[in-house]
Structure formats: structure tokens, C-alpha cells
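What the coordinates show
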Amino acid sequence: MTAVTERPRTTEAHLAPRAAPPRRRASPERVAAVLTVVALLVASVVALRSVEIDPARMLQSWSNAERFFGRVGAVEFPPLGELLQLTALTLGLVICGTLLAAVLSVPVAVLAASNTTPGPVWRAAARFVTVLARAVPDVVLAMVFVLLFSLGTLPGILAIGLHSVGMISKLFADAIEQIDEGPRTAVRAAGGTRLQQFTAGVLPQVLPSWVATVLHRNDINLRGSVILGYVGVVGLGMEMSFAFKSLDYGLGLGYALVIFVLCIVMEIVSSSVRAAMLGIAPTGRGLGDRVVRRATRRRAAGSSAGVVRETVGRAPAAAPASVDSMLRRPWDRTRVRNTSWGAIAVAVVVASVLVCDVAWSDLVTVWAGVPAVAVQFWPPSFGSYETSTMVAAMGETIAIALAATLLTLVASVVIGSLAARNVAPSRGMRSGMRLLLVGIRGVPEVILAIVLIVVTGLGTQAGTLALALGGVGLLGKLIADSFEEVSAGPERALAATGATRLQVYAGATLPQGTRALVGHTFYMLDTNIRAATLLGIVGAGGVGYYLLNASQGSNYGAVTAIVLMILVTVLAVEGLAMWMRKVLR
Amino acid sequence: MTPHADPSETVVSLEGITKRFGETVALDDASLTVRRGEVVVLLGLSGSGKSTLLRHVDGLERPTSGTVHVLGHEVTALTGRALRELRSEVGFIFQQFELVPSLTVLENVLTGSLAAVRGPRLCLWSYGRAARAEALARLERVGLLERAYQRADTLSGGQQQRVAIARALMQRPQVLLADEPVASLDPESSDQVMALIREIAVDEGLTVICSLHQVDLALSWADRIVGLRHGAVVLDTETEGLSKAQVMEIYGRVATSTDQMAAIELELAGDAVR
């Protein structure tokens, strides 16, 4: 068909007078986008020089580190009982916070999704809440709540809960927008109300993705709970911060090690819960997914079919069923499994709430204290700090993020390429690189920063290196995945002309993957800006240090001013990233 | 209102319905009257306006002009609870079944009773024992009682459509609308489903409007055939003693352009092969 229709067209073109080849019109928006990329690249190079990362100094600090570790001696751990109690407290607090966010995000997501929102005004308001919740760091929320509630678990729960609403409700709204509208129309056609259409037609479809998002967020919150300890939220993070402040490095590193192990265990648990409860295969490349996949492979080989095949193949019950006999739901494997998972979930939730020992009455009495605290936070002013110092600190934060992103990008392109199936010279190389990426992703950035601070001393170097290293885990994986997804045709065509492996990579793989590369890098920059504002809290340079200082010195006007500065920067970068993704699509 | 009340009573009437979606005209001054207990087939190629017409009967679409009366109510004037009550008296069967795949068969059937209860229902037990017993009886009627506690997506296409029929029956409807109910099914399940709809229609005294695109099936199944083309009614006749050639002739007589003729000839050829 196509050949027949195309032939006359080509003849026509052949006969037509030869015009000048059509110039590729670059839209002004595209030009601006490309110029922005170049400007950011230049800025990153400048930033890299300004944070003073050079190999000579790093070698020198490495010898520092050796001496340091000699001085610290062995890593110490607290007594087992205390350790277990602190672990339970940290887990309970994180789970309670995530649960709070999970509940709060349902109405927000319903209002924000285009197909369930009652109107554009509601939608805009919900989107605003989502963006704002994500932009205000949970540490800042924790500072405020610590002030309101004094000690206890409530500040941590509320901080995690309110901040996490941003991510959970955004992903949940996306899931709602992607549903099959059919079942919902069916309920509508049967005379269901709007609420019934949601509960019977929409909710069952999005429940699995909602649970998966919440579990994922729980992992993130556990990593983040370390930094909450620095501003007075109880748990392992707080004990660790005390240890480091009293220069008990051995104990501090012991806590860091415990948190690191806890994060990995949690990832494995949540991955297996996702796999078992939701029937979502552990396809991810995270450490948890990998372990679960390996563990279940043997079992899966025995009974190759999943749940679905099993139930389809099973013959109806031998005894003829009647309406009366069917009124009782049989205790088949599905029901036993669902019920036991439900029971475990309830037990975990109840245990978490009990462990947290929440002072519920505080939720009522706290309102009386709000005006007094609010007055302290308003108006924003830098107080005793020079404005120029503050702006310079913010600049330093941005420089850390830019420099870290550049370092991450360079390292990730190399590692990510070698981890891509169609680029790696050998299978062994690919698996090795993939494993390396997984390993890097397993380490919480804050822990990385703290260890680096111990090694290189306080300052921007530690922060930049921590972000750069941690970023490789994510960006390297994203790059490897997008390189594997490029069309194989051009690669084969180039290989057929006798091009070398490197020529195929440069001529076919890289050009096709560039667009994704740019997108992922901007995502990385967005993440790094957020993270860089917080790393200062543990002493890794930038505005975070002043944030913590202002809060501990009861200089709350300055806290507000710094938070506003962070908000503006984060939102600006997010806007820039969104614009770039749109233009360069 | 009891079924079989008055055989000559008009249950559904559409008068001069025109529906535009932007520039396209989906329905062009279409009129249709259906009496109680009639089994009517809307016949036409895809894009002829069959689905849009059915959706007007259930108040899922509002006409650009014209009026729709169903069971003595002017659908076009109803809103809120009155509209929902009318919808609950009209069952709707979809081409793609539109079950919730992750819920059990029984829960899917129970969603048919949502209009009768107030507020949301979140799990099986929240519907109450009486409703569950009724839903199981409906499932027994469509021959799927044993499957009640399986997930809907573990069933074959034909079985899923039978679940959807049970769900529609759960509404205790007076009118049943079916939009290409067998277009996604293999021939064998397709025969089963069409036979089931006809049986139930007779047993429960339902008025049925069903859209189809196969002339043969329509002739053997319906009491009356209404032909649609480009949103206009071009044929409205009893099937008694009617032959396929006659249907095609009527189609051909009102065809105005050669491409429409070609479309009909294509379908004739396709039916002959089948």
C-alpha cells in the first residue's frame, strides 16, 4: 500500500524545480532552552571550582581520614536493649507519619485529578497544596512543630505526614487520571452518586498503586528521619546527632551503620509486601526488589503460574453450589492470604501508634500556643545576620547542587553507559555496574554526608561529594534504562557499516538517548537543590547551617526568611525543570 | 409501575434528537418510540450514532436539541437524585463489560444495587446479607454462581459479559440497554450472551434496546430493527417475515452517495463470507 501511494509523490518531487533545502526553524523557545542549558553548564563548572574540589586536596584528606580512623578506634554500639527501643521508636514514628500522609493525600488527590475534581478552582487549590507540601522541607516543619509541642513523637509524625502529602497525592492523582473510565461510567449508568462512582469505580482500580506509593514513601521517610534527629525529633537520628556533637565518633558511626542496615531491611520488606499483597512483580532494580526476586525465583519455578492462572484453572467446587451455601465466602487460599496480610497490616499500624505513645491531648491544647509562636516567626528578617552573608550562603547551596549535578552527570554517563545492555562490552561488566549502582542507592545521602564530614571536615566539599555520590545511584540507573530503551535499528545499521563499538555508541546510542539524558539531569538538579538546603544542617555547607543556627538560637524571624529564600529557589528550579522538559520534549 | 402493565404503553420515546460534538453531528434529528416489552435492535455501521442514541436514553448524554422521555419522565429535564433514580430503572450493558478487574465477581454484581442504598460501600460485607443473597441469585441466573468469589479479571470475556448482565439485573430495571454487547466476544460466547439477554427479557418482561452491526444476528434476534446511518434513522421495521435482502434494499434506497453504497456492499460481502 505505502509503496504504491508513495511512488507518484517521489516522481513529483523529482520533477519539481529544486528548491533550497528547507532550513530547520528553531523556535525562540528552543533557542532559549538551549542557551539555558549552556549557561547552567558554565555555572556548574564555575561552581565546581568554587567548592574547591581538587584531587590533590582529596588525597590529602584521605590521609587525614586514615589518621582520623586510627584515632576513633572501633565503631561502638549502644546497649542492645536501648538500640532495639530506639529502632522501634524510629520505625513507629516514620510509619505513623507516612500513614498520616497517606490518609491526607486521598482528598487532595481526588481534588487534584482532572477526572474527579469538582471544578477548576478546587483543582488549582489542590495542586497548590501539593507543590507547597513538597517544597517545604520536612526538617523545617519539624523545627516548627518541635517548638509547638516540645519533645515527643508528635512533631516528627506531623512533619513527615504533612511533607509527604506532596509526593503521595501527586502520584495518587496521576494514578486516578490514568484509570479506565469504563467501570466508573457503569456505576454512573446504574444511578450511582459521585461518591459511589469514586468508591466503586475508581478506588478499586487505584488502590494497588496507592499502597505501592505509600510503601515507597515510607522508605524515603526512614532515610529522611536521620536529619529530623538534628532538629530534635526523637529516635536513632537524634541519638546519632548527640553522639557526633559530643565528639563520640565511634558511637556516632555505630548509629549511622544501624540506620543504614535498617534502611536496607525496610526496602526489602516493602518490596516483598508489594510483591505478595498486590501481585506486583518485583521488577525494580532497587536492592529490595533484587533480594525478593532472588528469594522467590526458586519457588516460582515450581509453580510457574501466578495467582491468576491458579484460580482460572481450578474447577468449580465439587458439590453443586447453592445461593445459601455461597453466602458464606469459602476460606480459599486467596481469602486466607488477604486476611492474614490485612491482620499483619493492622498489627503494624497499631504497634506503630502504641510505640509512638502520642500525647493526643497536645493536638487540642497546642492551638492556644499557635499565635504566640506565629508572632515569633513573623515578620521574616535576617536579624543579626548580614543579608549579604545569607545570600552568599544560598548561593553556596546552589553552587553545591550545581557542582554535585555536574559530577554526578559525568560519572553517571560513564557508569550508566557501561550498565546498559546494548553498550556494555560484556555481561560481566554490565552486571558489575548495575550492582554498583544498586549499592550506591542503598546508602542514605545524609549518612554519606556525615561520614564525609568526619573524613574531610565541615564544609562544602563534604556536601558536594555526598550529593554527587548519592546521585550517581539514581542518575546512573535512569541513564542505563533509557539507553537500553533506544531503538536498536540505527545501532545495527552502524555496526553493519563496520563501525567500532565506540563509534556505534557515539553515532547511534548517545544521540537517541540525549533527550532523556537532559530530562533526567534536570530532575537530578531539582532533587539536589532540595537536598543541598538540608545537608547544611549536618554541617555540609550552605544555607542549612544558618537555618539550624537560627532555629537553635530562637531567631525565628531568620528561620522564616531563610525558608522563604529556599522556597523561592526550589520553586524556581522546579518551574525551570518543567519548562525544559516541555520545550525539549 | 409493574411490568406487563400495558403492552401498548410507550416506555422510551426520543423526539427529533440532534447531538453535536463540536463540528461532528453524532445524531441528526433522530426519533424513536419503543413500547413495553419490545426487543429492538439498532443496526448500523460504527460511527452511525448507535451508542450516542443509547447513552441519551440513560441520560449519560444531553441532546443538543430534541427531547427524551423514558418511563414517563422527561430525561432531559432531570437532574440529581431524580436522574439517578431513573438511571437505576434502566440497565446498561457495555461492549467492554466495564467490570472492576481487581474486585470479586460478587462485588461487581453488587455495584448494581448502589442506587438503592445510600452512600459508599467499601467491601463485600457492607452491602448487607439480603443484597448479597440477591446478587448470588442473579449470578445463578446467568450461570456463574460458583465464580462469585473469584476476581473479575480471571473470567473469560463471555463470562464477564454475563456478570455485567447480572449487575444490570441487580438494579431491577424495567428497560435494558445493550451497546454492542457481543462485539468483543468469540462467536460461541456471543450466541450464549445474546440468547441469555433474550431469555431474561422475556422472563422479566423487560424492554430491550440493543445496538448491533451484524444484520443476520439482528434479524434472528429482534422484534424490530431500527437502522441508523450518519446519525439519522433510515429504517424502522418489524423483523417478522423480513429477509436480509430486503433490509439491504431499504438501506440501499436511502443511500445517497456511492461510498455509502460501497460500505453496505462491503458488509454484505463480509456477512456472506461469515
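Residues numbered from 1 in each chain as written. Chains lettered and ligands numbered in written order. Predicted model: local features only at pLDDT ≥ 70, side-chain atom pairs only at ≥ 80, totals over all residues.

1. Looking at the overall build of chain B
Filter applied, for reference: We count a stretch as a helix when DSSP gives it H or I for four or more residues in a row; a strand needs E for two or more, and each element gets its number in order from the N terminus. Around each residue's C-beta, the other C-beta atoms within 10 Å are counted; 20 or more make the residue buried, 12 or fewer make it exposed, and counts in between make it partly exposed. All C-beta atoms are placed from the backbone. Two residues qualify as a contact pair if the distance between their C-beta atoms, derived from the backbone, is within 7 Å.
Across its full length, chain B holds 9 helices and 10 strands. Burial analysis of chain B (274 residues in total) assigns 46% to the buried set. Residue pairs in contact within chain B that sit at least 24 positions apart in sequence constitute 69% of those at least 6 positions apart.

2. A word on the overall build of chain A
Scanning chain A for helices and strands turns up 24 helices and 0 strands. The buried share among the 585 residues of chain A stands at 41%. Residue pairs in contact within chain A that sit at least 24 positions apart in sequence constitute 73% of those at least 6 positions apart.

3. Focus: the interface of chain A and chain B
In this assembly, 29 residues from chain A lie in contact with 34 residues from chain B. Listing elements by their share of the side of chain A that touches chain B, those giving two or more residues are α8 (182-189), α9 (194-230), α13 (307-313) and α14 (323-327) of chain A.

4. Remarks on the sheet that holds strand β5 (residues 73-74) of chain B
By definition, the strands of a sheet pair up through backbone hydrogen bonds, in either a parallel or an antiparallel sense. Residue and element names in this part refer to chain B. Stated precisely, the cut-off is as follows: Two strands are counted as paired when DSSP detects at least two bridges linking them.
Read from one edge of the open sheet, 4 strands run β2-β1-β4-β5, paired in antiparallel fashion. Of all the strands in the sheet, just β2 (24-35) and β5 have a single pairing partner and so form its edges. Bridge count between strand β1 (residues 10-21) and β2: 8 bridges; the pairing is antiparallel. Opposite Val-12, over in β2, you have Val-34 as the bridge partner.

5. Here's the deal with the environment of Leu-236 of chain A
Residues and elements named next belong to chain A. Along the chain, the position of Leu-236 falls in helix α10 (residues 236-245). Measuring from C-alpha to C-alpha, the distance between Leu-236 and Arg-329 comes to 45 Å, with 93 residues separating the pair along the chain. Contacts of Leu-236, omitting those with residues within four sequence positions, involve Leu-86, Thr-87, Thr-90, Gly-229, Tyr-255, Val-258 and Ile-259.

6. Regarding the sheet that holds strand β6 (residues 90-93) of chain B
Residues and elements named next belong to chain B. To be explicit about the condition: For every element, the axis is a line fit to its C-alpha atoms; helices are fit only across the contacting stretch, and the angle between N-to-C directions ranges from 0 to 180 degrees.
Pairing is mixed in the open sheet, where 6 strands are placed in the order β6-β7-β8-β3-β9-β10. Looking at the sheet topology across the chains shown, the edges are occupied by β6 and β10 (232-238). Mean inter-strand twist for the sheet, computed between neighbouring axes without regard to direction, equals 15 degrees. The pairing of β6 with strand β7 (residues 175-179) spans 4 bridges and is parallel. The residue of β7 that forms the bridge with Phe-92 is Leu-177.

7. Notes on the nonpolar core
Convention followed: Any set of buried Ala, Val, Leu, Ile, Met, Phe, Trp, Tyr and Cys residues joined through C-beta atoms within 7 Å is what this text calls a nonpolar core. By convention here, the domain bounds are inherited from an automatic or database domain assignment.
Of all hydrophobic cores here, the largest spans 137 residues; its most connected members are Ala-142, Ile-176, Ala-403, Ala-449, Leu-535, Val-538 and Ile-562 of chain A. Structurally, this core is a two-domain feature, drawing no fewer than three residues from each of domain 1 (27-62 + 382-585) and domain 2 (79-297 + 340-357) of chain A. Those residues in contact with Ile-562 of chain A that sit more than four places away from it in its chain are Met-390, Val-543, Tyr-546, Leu-547 and Ala-550 of chain A. Ranked by size, the runner-up nonpolar core spans 81 residues in total, among them Leu-27, Leu-43, Phe-92 and Val-100 of chain B.

8. Topic: unusual backbone geometry
With the exception of glycine, most residues fall at negative phi, and the peptide bonds are largely trans. Cis geometry marks the peptide bond from Trp-378 of chain A to Pro-379 of chain A, where omega comes out at 0 degrees. Counting through the fold element by element, Pro-379 of chain A comes out in the loop between α16 (360-377) and α17 (387-418). The phi angle at Leu-247 of chain A is positive, at roughly 60 degrees, despite the residue not being glycine. With respect to the helices and strands, Leu-247 of chain A occurs in the loop between α10 and α11 (249-278). By the C-beta count within 10 Å, which is 9 here, Leu-247 of chain A ends up exposed. Positive phi, normally seen in glycine, also occurs at Arg-172 of chain B, with a value near 50 degrees. Turning to its location among the elements, Arg-172 of chain B is positioned in the loop between α5 (157-170) and β7.

9. Here we look at the confidence of the model for chain A
It should be kept in mind that the predicted coordinates are not to be read in detail where pLDDT is low. Residues and elements named next belong to chain A. Worth spelling out the cut-off: For every residue, the predictor assigns a confidence score, pLDDT, that lies between 0 and 100.
Residues at a pLDDT of 70 or more form 85% of chain A, whose mean pLDDT is 82. Within chain A, helix α4 (residues 80-112) carries the highest mean pLDDT (94), whereas α13 carries the lowest (41). The model gives residues 1-16 a pLDDT under 50, and that stretch makes 0 contacts with residues more than four places away or in other chains. In the predicted structure, residues 300-318 sits below a pLDDT of 50 and forms 9 contacts with residues beyond four places in sequence or in another chain.

10. Let's talk about the confidence of the model for chain B
Residue and element names in this part refer to chain B. Summarising the model, chain B shows a mean pLDDT of 85, and 88% of its residues fall at 70 or more. Considering each helix and strand of chain B separately, the mean pLDDT is smallest for helix α9 (residues 258-273), with a value of 54, and largest for β7, with 95. Note on the complex model: pTM 0.79, ipTM 0.85.

11. Structural notes on the domain arrangement of chain B
Residues and elements named next belong to chain B. Put simply, the rule is: Amino acids outside the nonpolar list (Ala, Val, Leu, Ile, Met, Phe, Trp, Tyr, Cys, Pro) and the charged list (Asp, Glu, Lys, Arg) are all regarded as polar, and Gly is one of them.
Each assigned domain of chain B is listed with its residue range as follows: domain 1 (33-89 + 177-274) and domain 2 (101-172). The interface of domain 1 with domain 2 comprises 13 residues on the first partner and 11 residues on the second. Breaking the side of domain 1 that touches domain 2 down by element, the ones donating at least two residues are α2 (80-88) and α6 (187-204). The element contributing the most residues to the side of domain 1 that touches domain 2 is α6, with 6 residues. Along the lines of polarity and charge, the residues of the side of domain 1 that touches domain 2 split into 6 nonpolar, 4 polar and 3 charged.

12. Quick notes on helix α4 (residues 129-141) of chain B
Note the following rule: By definition here, a helix of n residues has an expected span of 1.5 Å times n minus one.
Between its first and last C-alpha atoms α4 of chain B spans 18 Å; for 13 residues at 1.5 Å apiece the expected length is 18 Å, and the two agree. The complete set of buried residues in α4 of chain B reads Arg-132, Glu-134, Ala-135, Leu-136, Arg-138 and Leu-139 of chain B. Its buried side turned inward, α4 of chain B meets α14 of chain A together with α3 (105-110) and α5 of chain B. One or two steps after α4 of chain B, the chain reaches Gly-143 of chain B, where phi turns positive at roughly 80 degrees.

13. Describing the packing of α5 of chain B against α6 of chain B
All names here are of chain B. Inclusion rule: We call two directions roughly parallel when the angle between them is under 35 degrees, roughly antiparallel when it is over 145, roughly perpendicular when it lies between 65 and 115, and oblique otherwise. Each crossing is labelled by how the near helix is turned from the far one, with a counterclockwise turn of less than a right angle marking it left-handed and a clockwise turn marking it right-handed.
Packing of α5 against α6 brings their axes to within 9 Å, and their N-to-C directions diverge by 15 degrees. Regarding the angle of α5 to α6, the classification is roughly parallel. The crossing of α5 and α6 is right-handed. Where α5 approaches α6, its residues Gly-157, Gly-158, Gln-161, Arg-162, Ile-165 and Leu-169 are matched on the opposing element by Ser-189, Gln-192, Val-193, Leu-196, Ile-197 and Ile-200. Considered class by class, the residues forming the contact of α5 with α6 number 6 nonpolar, 5 polar and 1 charged.

14. A look at the environment of Ala-449 of chain A
Residues and elements named next belong to chain A. Summarising the element assignment, Ala-449 is placed in helix α19 (residues 445-456). Residues Ala-449 and Leu-465, spaced 16 residues apart in sequence, show a C-alpha to C-alpha distance of 7.7 Å. Excluding anything up to four places from it in sequence, Ala-449 contacts Ala-462, Gly-463, Ala-466, Leu-535, Val-538 and Ala-540.

15. Observations regarding the environment of Glu-239 of chain A
Residue and element names in this part refer to chain A. Considering the arrangement of structural elements, one finds Glu-239 in helix α10. Put simply, Glu-239 and Leu-251 are 12 residues apart on the chain and 9.3 Å apart in space, counted from C-alpha to C-alpha. For Glu-239, the residues in contact, after removing those within four places along its chain, are Leu-86 and Tyr-255.

16. With respect to the domain arrangement of chain A
Residue and element names in this part refer to chain A. One can read the domain layout of chain A as domain 1 (27-62 + 382-585) and domain 2 (79-297 + 340-357). Between the C-alpha centres of domain 1 and domain 2 the distance comes to 25 Å. Listed per partner, the contact involves 24 residues of domain 1 and 21 residues of domain 2.

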